[in-house]
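Now for the letters of each chain:
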Amino acid sequence: MNTFLPDRIKAYLNERGLTDAVLERNKITWDGEKIVIPVFNADGLWIFNKYRRDPASNEGPKYTYDKGATSSLYGAE
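Remember, predicted model here, so these are calculated numbers, not experimental data. (Residues numbered from 1 in each chain as written. Predicted model: local features only at pLDDT ≥ 70, side-chain atom pairs only at ≥ 80, totals over all residues. Heavy atoms only, no water.)

J.: How would you sum up the packing of aromatic side chains? Please name residues and give values.
T.: Summed over the entire model, instances satisfying the criterion amount to one aromatic pair. Between Lys50 and the ring centre of Tyr63, over which it is positioned, the NZ or CZ distance is 4.6 Å. (Phe/Tyr/Trp six-rings, centres within 6.5 Å; stacked < 30°, edge-to-face > 60°. Lys NZ or Arg CZ within 6 Å of the ring centre and 35° of its normal.)

Printed below as a string of structure tokens:
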């Protein structure tokens, strides 16, 4: 997984109020096709990833999840 956020993706997230510090603290990354948003449980353990499609695309669902992911409160850690 590439942890580098392309400038256009970073700008998209910054425009929505996500500062660079928030992106780093929440380990939000880019996998080359989608924004990767890791979700952690209350103990701080990673449980699954949520994916946001490329903001430049209208194809497919806006958000997807790892197979087997269950509901979880984001930011529970």
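J.: Break down the nonpolar core for me, citing the residues and quoting the values.
T.: Counting nine residues, the largest nonpolar core consists of Leu5, Ile9, Tyr12, Leu13, Leu23, Ile28, Trp30, Ile35 and Ile37. Counting residues per element, the ones that place at least two in this core are α1 (7–15) and β2 (34–40). The leading source of residues in this core is α1, at three residues. (Core = buried A, V, L, I, M, F, W, Y, C linked by side-chain atoms within 4.5 Å. Buried < 20%, exposed > 50% of the residue type's maximum accessible area, 1.4 Å probe, protein only. Helix = DSSP H or I, 4+ residues; strand = E, 2+ residues; numbered from the N terminus.)

J.: So what's going on with the side chain of Asn26? Which residues, and what values?
T.: Among the secondary structure elements, Asn26 is positioned in the loop between α2 (20–25) and β1 (29–30). A polar side-chain atom of Asn26 sits 2.9 Å from the main-chain carbonyl oxygen of Val22. (Polar contact = N/O pair within 3.5 Å; in protein donor to acceptor, adjacent residues only side chain to side chain.)

J.: Describe α1, listing the residues and the values that go with them.
T.: When α1 is considered as a whole, its buried residues turn out to be Ile9, Tyr12 and Leu13. The buried residues of α1 occupy an angular sector of 95° when the element is viewed end-on, so they sit on one face. Of the residues in α1, the exposed ones pointing more than 90 degrees away from the buried face are Asp7 and Glu15. Residues of α1 that are buried in the fold lie against α2, β1, β2 and β3 (46–53). Immediately downstream of α1, the backbone of Gly17 shows phi near 90°, a positive value. (Arc of directions from axis to C-beta. Contact = heavy atoms within 4.5 Å.)

J.: Tell me what's going on with the sheet that holds β3, and back it up with residues and numbers.
T.: If you trace the four strands from one edge of the open sheet to the other, you get β1-β2-β3-β4, paired in antiparallel fashion. Each edge of the sheet is formed by a strand with only one pairing partner; in this case those strands are β1 and β4 (63–65). Pairing analysis gives three bridges linking β3 to β4, with the strands arranged antiparallel. By the bridge assignment, Tyr51 is partnered in β4 with Thr64. Here α1 sits on the sheet in contact with β1, β2 and β3, set at roughly 55° to β2. (Pairing = 2+ DSSP bridges. Axes fitted to C-alpha atoms, helices over the stretch in contact; angles between N-to-C directions.)

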